[in-house]
Every structure is written in structure tokens, then in C-alpha cells.
Amino acid sequence: MLKNNNFIERSIMGALSFLKESVFADEYALRKGLLQSLDPRIKAATFLLFIIQAILIKDILILLCLYALCLSLACLSKINLGFFLKRTWIFIPLFSLFIAIPALFSVFTPGETLAVIDLLGFKLIITRQGFFGALLFVTRVITSVSFAVLLSITTKHFELLKALRIFKVPQIFVMILGMCYRYIYLFMEIIENTYTAIKSRVGLEVHYKRGQRIVALNIAFLWYRSYRLNEEVYNAMLSRGYDGEPVILHDFKTSAKDWLWLFFVIILFMGLTYLGAKARV
Amino acid sequence: MANTIFELKDVHFSYLGKYPALRGIDIKIEKGQKIAVIGANGSGKSTLLHMLDGLIFPERGSITAFGSALNEDIFNDKVFSKDFRKKVGLVFQNPDVQLFCPTVKDDIIFGPLQLGIEEQEIEKRLERLLAILNIKDLVNRPPHQLSIGEKRKVAIASTLIIEPEVLILDEPTAGLDPLTTRHIIDLLIEENISGRTIITSTHDLHIVEEISDTVYVFSHNKQIVKSGEPDSILKDAALLQANNLVHIHSHRHKDKIHIHSHIHLDHHAEG
């Protein structure tokens, strides 16, 4: 067996289980909540409006209200708030590290001094403008990310893909995305099975160099499998009449609830735009 | 001649120009026939089926389907191509290859949608097939969540919904439990009774008698070594053994050890 503390094995298994849990488990999309009951096309369009609004708003209070609305929608859609916060805030350190934290300091954002940090004799000045700029940036990122994540976890993935068509995304692109989604799972299964097979055959301990070799061979094998599969899937498509222009069934149905939701979001969008403009004046 | 669907004359094919897959194949298939193609792994069965479905073409020799010679050029004609795809349906050996859409429903209706069949008609055919194959519960599920038997049923549905004149199946019962196997065989027999030509490749000898009236035996040399009625083929133990379709089996009964050739057909012969 590859050692339990084997870095490569743990990384691969960790990545696979994360993908399975986050991408392929439609657990929240199957719950009976507010957002789950909406037509995916209208939901996607309204969430795009929310994200545009989050990008445009310059007033941090209005932005925080929008974030609060997002959290309320999550609760109304029977999403565990702890899970949702964990899923969305995971992105923040990444953005903060490269953009928000440098923006705090006078080197990047000159202005009124708010605090001074003495770091081994170097004086780093945090400016008021820098601090509020960074805060606005982080709030904007978390609000946009939260809406995007909320949309993806309350909608079945294939419905979300189909909904892309209302944004005039070409059908071939939607279809390729769908196939990627489908076959990533198949390859995940192949990787898992390959690892089980390796574990059952190579004994208890493997030198890390040999481990690396096994991984390299498996990457090559997987590449070959994907190449073969690509050819076979294309043949299977041809066999059923595909001629380069995919045709897809339009089977979404809207109800009064969807139109009511759309109306609410448009009013809110206009209201927030008005408030934003007023705050600037 | 009007009843002839496929005619292959001295067909040769190789992969990458150096790995032979078919050598000198002569086959004639008439409308309404039940054909079984048997042979060991790698004997060229799948290659033949892909050729009958117009996915690959002979390097030497000729293949005609419904009176027209099949080649790459003729499939560039969209009218011919669409007409051919409506008439001939192939169920692939690996259902993961055939089920490439995000849901079972999308997969089943993929074919008729591409072939321009009316949406109402598609819905009607879909309902009928879901009931026949007993897969109504699977309709909104992603194919990757299905068992192998369910995947095979969906793959068959995705071909049957086109209502082809010729149904080609590549090892449709491989790896299935006995009940699902039975279900699929019954379905094939019913489809043949309703007028469809059925061409099946398999090495499950116990199903050959039911799903065929003519059997072609492929050898390791990628050639047809014998063809005929299932009864005469299945009785030819030497032929089956020479082509890896039966094996010498040794087992113990109380204190005696028996050694004989093992064929799954034996278990069903007396029933």
C-alpha cells in the first residue's frame, strides 16, 4: 500500500472527495426551498442582476444589505448557514492576500493615516482610504461569491447548464460543458479504482520515488483513456444522428411565482441603483 | 435483393494501417433476420458492428446498405446520413461511451432530436420506452449514478427511441445479472417479432439460440470461420473450443474429478 501519509495519495483522494461532495452532490438543490422552486433561467438571470449590483455599488452599507439579503435567501432555501459561510469565505483569504491587504498601506493607497505598524524597523502606514477601500473590496467579493455559490448549490447542475442558453451561450458550448461534467466523474472513478488496485498489489510501503513513478504512469494511462473515450463518444454521437449542430429540448416551464420573483428583483435592482446614486451625491 | 439490408464482400480493415481487425469478411443480412456474431475478445466483432453502423469503412472490399455503397463521402450527404441513422441504431459495448448527457432523459432523447423528429412524438416514444424498460424512476438522474444494468437499459432505450429498422447490439448482456439479461433478451425477441432486424455480438453462448437464426463465428485471425443455424454451431464443440468460446473445465463430484468442455448452454439444454 502507498503509505498513509503519502502526500500525493492524500492530495488526490482529498481532491476527489472534495469534487464529489461539492460538485456532484446535488443535496441542497434537491431540498424544497424558495430558490429551488424557481425556474433556473429566471433564477440565473436575477442572480446575474444581484452580482452586477454588487459590483456597481460603492456604498458599503448598501452592499452589506445585499449580503444580508443573500444570507436570508440561503436560510429560506434551507441551506445550512455554517456550511454556506464556510463555502463562501474560503475564497476570501486568497483575494485579501494579493489585493486587499496591500491596498491597506500608504504605498498603494496614499491618504489619511489610520494606524502605523512597526515591522523590524520599517514603518507601514495604514491609511483610512486604504482601509475602507479594502473593506469595500472584501465585502464586494464576498457578496458576489455568495450569490454565485448560492445559485450553484440551489440549482441542479444540468439545469444550470441549460439555463446558460438564455444568455445566448452557444448550444455546442453548453453541451461540451455538460459532457465535461459527466466525464470528470467517470475519470474520478477510474482514478479511485486505479488507486485501489495499486493498494491491493504493491505492498505496504513504497519508496516515494517509485510512488512518483506510479503516479506518472497513471497520468499517462488516464490521458490515453481520455483520448480513446473522446473518439468513442464522438462515434456514439454520430451514430445517433449528430452532425455538428446539437439540438436540445426546451423543457423549462415558468409559473406565476417565477414572474413575481423577477418583478421583486427588478424593483430591488432599481431601488438599490437609486440609493447608490443618492449616496454618491 | 429488395430484402437485403447489408452485403459485405471481401471486407478488410485494420487499425492505424497495421493492426488487422477484419480479414476477408463476406456477410449478407436480410430484412427481419436475427444475426449473432460470436467470437473471443479481439476477434473483430465490435469492428464489424461499427462498420455496419457506418462509423468506419473497409480498406479493401465493399459494404452496401439498403442498396447504397457505404463510404466516407456518402455520409457527407446530410440527407443520406440522416436517413441511414434513422434506419440503423447501434448500442455500444460500453454504456459510458453512449451516455454522455447530464441526465438519463437528455441521453434517451438525444438521437431523435438530432434526427429532427417532432418533440411531441419524442415525448410519446419516451413514455412508451420508459414503461417497457421499467426505468421511469431514472429519468432525471445523471447517468453516472446508475448501476451497469440500468446504464445498459438506458443505452438500449437511447437507440430504440429512434425506432431503427436495424438494431445492432455490442455485447448487450455482458456483466449483467440473470434477470436483467432475461429482460433484455425478451425485449430483443419482441423487437424482432415487430419486424426489426437484430444483429448482436456476444460470447454468452446461452443466449445465442434465442437471439439468432444465423450465427457467424469469428476466429482470432479476424475471419469468419463458420456460419449457420445456431443449433449446428452450438453443437460443434471442436469449433467452439478452437475459438475460445468454451473451455476445458475440471471439477470434483464427491470423490471423482470430471474433466470436460464447459459451455453455459449445457445448463439450459434440458429445461
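Conventions and cut-offs
Residues numbered from 1 in each chain as written. Chains lettered and ligands numbered in written order. Predicted model: local features only at pLDDT ≥ 70, side-chain atom pairs only at ≥ 80, totals over all residues. Heavy atoms only, no water. UniProt positions renumbered as here; feature names shortened; annotations may be inferred. Helix = DSSP H or I, 4+ residues; strand = E, 2+ residues; numbered from the N terminus. Expected span 1.5 Å × (residues − 1). Buried < 20%, exposed > 50% of the residue type's maximum accessible area, 1.4 Å probe, protein only. Polar contact = N/O pair within 3.5 Å; in protein donor to acceptor, adjacent residues only side chain to side chain. Patch = residues over 30% accessible without salt bridge, like charges linked within 9 Å, V, L, I, M, F, W, Y side chains within 5 Å. Areas by Shrake-Rupley, 256 points an atom, 1.4 Å probe, with all protein chains shown as cover. Salt bridge = Lys/Arg side-chain N within 4 Å of Asp/Glu carboxyl O. Contact = heavy atoms within 4.5 Å. Buried area = accessible area lost by both parts, 1.4 Å probe. Nonpolar A, V, L, I, M, F, W, Y, C, P; charged D, E, K, R; others polar. Pairing = 2+ DSSP bridges. Right-handed = clockwise from strand over helix to strand, strands pointing away.

- For chain B, an unreviewed UniProt entry supplies the name Nickel ABC transporter ATP-binding protein and the organism Candidatus Aquitaenariimonas noxiae.
- UniProt annotates chain B under Sequence similarities (unreviewed entry) with the comment "Belongs to the ABC transporter superfamily."

- Per an unreviewed UniProt entry, chain A carries the name Cobalt ECF transporter T component CbiQ and comes from Candidatus Aquitaenariimonas noxiae.
- As its UniProt record puts it under Subcellular location (unreviewed entry), chain A is described as follows: "Cell membrane".

Digging into helix α3 (residues 60-76) of chain A
Residue and element names in this part refer to chain A.
Point 1. With 17 residues, α3 extends 24 Å between its outermost C-alpha atoms, agreeing within 8% with the 24 Å of an ideal straight helix rising 1.5 Å per residue.
Point 2. Along α3, the residues that are buried comprise Ile62, Leu63, Leu66, Tyr67, Cys70, Leu71, Leu73 and Ala74.
Point 3. The N-cap of α3, judged by a side-chain oxygen 2.8 Å from the amide nitrogen of leucine 61 a few residues on, is aspartate 59.
Point 4. Backbone geometry just after α3 places lysine 78 at a positive phi near 60 degrees.

As for a nonpolar patch on the surface
Point 1. Taken together, the side chains of Leu48, Ile52, Ile55, Leu56, Ile166 and Phe167 of chain A define a hydrophobic patch exposed on the protein surface, amounting to about 500 Å² of accessible area.
Point 2. For leucine 48 of chain A, the location among the structural elements is in helix α2 (residues 40-56).

Here's the deal with the interface of chain A and chain B
Point 1. Taken together, the contacts link 30 residues of chain A with 31 residues of chain B.
Point 2. Buried surface at the junction of chain A and chain B, both sides included, amounts to about 2800 Å², of which 59% is carbon and sulfur.
Point 3. At the junction of chain A and chain B, the tally comes to two salt bridges.
Point 4. Where chain A packs against chain B, one counts five residue pairs in polar contact (both at pLDDT 80 or more).
Point 5. Mapped by element, the contributors of at least two residues to the side of chain A that touches chain B are α7 (157-163), α8 (171-201) and α9 (208-239) of chain A.
Point 6. Looking at the side of chain A that touches chain B residue by residue, the classes come out as 17 nonpolar, five polar and eight charged.

Things to note about the pairing of strand β8 (residues 197-202) of chain B
Residues and elements named next belong to chain B.
Point 1. Counting buried residues along β8, six of its six residues qualify, which places the element largely inside the surrounding structure.
Point 2. Where burial is concerned, the two faces of β8 agree: the one with Thr197, Ile199 and Ser201 and the one with Ile198, Thr200 and Thr202 are both buried.
Point 3. Both strand β3 (residues 34-39) and β8 contribute to a ladder of five bridges, which runs parallel. Looking at β8, one finds that isoleucine 38 is bridged to threonine 202.
Point 4. Two strands pair when backbone bridges link them, and strand β7 (residues 166-170) and β8 are joined in this way by five bridges, in the parallel orientation. By the bridge assignment, aspartate 170 is partnered in β8 with serine 201.
Point 5. Since β7 and β8 lie parallel, the crossover through helix α7 (residues 178-193) that links them has a hand, and here it is right-handed.

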